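Below, each chain spelled out in residue letters.
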Amino acid sequence: MKRDSRLSSVLHALLHMAEHGGTMTSEALALCMNTNPVVVRRTMALLREAGIVASARGHSGGWSITKDLGAVTLFQLHEVLGEPAIFAIGNRNEMPECLVEQSVNAALDQAFAEAEALLLERFASVTIADLATDFARRHAQVRAERNAP
């Protein structure tokens, strides 16, 4: 079963943009993300509508971050992407006649709702700045290990 990786892709793109510190073309972002520039443009258009990035045309054109990274949460990005399903699993039959399956569905539905609420609450507390800080720490650690005698 294919999992929806759009949130991960958006986070990946935004962190590359933050690291780069300036305008990046769709082609440059596509190379970073191992995808097609058309996919980047479609995704960035959603972020532009949400006021997170801006686009500029021309020789020095491309995409740039316009919002403070500490003000953008994973929850906000989840909303920008149309609130994709959190879980790739679900009920076998949504309207079963079988009482056993109704019990199974009720238990699963409750568990999924509780887990999703917990995850979305966590998404609301994690910002892009938090991820950028973690990336910087990891990057510094790798550099230190390479430079160690």
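The preceding data block contains the structure.
Report on the accompanying structure. Counting restarts for each chain: residues are numbered from 1 in the order of the written sequence. With the structure being a predicted model, the display of local features is reserved for residues of pLDDT at least 70 and the display and counting of side-chain atom pairs for 80 or more, all residues being used for whole-chain, interface and lining totals. By convention in this description, side-chain values take in all heavy atoms of the structure and omit both hydrogens and water.

### Structural notes on the nonpolar core
Soluble globular proteins: nonpolar side chains tend toward being buried together.
No. 1: Counting 26 residues, the largest nonpolar core has Leu14, Met44 and Leu77 as the members making the most contacts within it.
No. 2: In DSSP terms, a helix is any run of H or I states spanning at least four residues, a strand is any run of E spanning at least two, and both are numbered starting from the N terminus. At the level of elements, helix H1 (6-20), helix H2 (26-33), helix H3 (37-49), helix H4 (74-80) and helix H5 (99-125) are the ones that each hand at least two residues to this core.
No. 3: The element best represented in this core is H1, accounting for 7 residues.
No. 4: Each residue touching Leu77, except ones within four places of it in the same chain, is listed here: Leu7, Val10, Leu11, Leu14, Leu47, Ile52, Val72 and Ile128. Side-chain atoms within 4.5 Å are what join buried Ala, Val, Leu, Ile, Met, Phe, Trp, Tyr and Cys residues into a set we call a nonpolar core. Three exposure classes are used, based on accessible area relative to the maximum for each residue type with a 1.4 Å probe and protein chains only: buried under 20%, partly exposed in between, and exposed over 50%. What makes two residues a contact is simply this: any of their non-hydrogen atoms within 4.5 Å.

### A closer look at H3
No. 1: Helix length check: H3 (13 residues) gives 18 Å between terminal C-alpha atoms against 18 Å at 1.5 Å per residue, within 8%.
No. 2: Taken together, the buried positions of H3 are occupied by Val40, Met44, Ala45 and Leu47. On an axial view of H3, the arc spanned by its buried residues comes to 165 degrees, and they lie on one face. What points out from H3, more than 90 degrees from its buried face, is the exposed set Arg42 and Glu49. Take the number of residues in a helix, subtract one, and multiply by 1.5 Å to get its expected span. Think of the arc as the fan of directions from the helix axis to the C-beta atoms.

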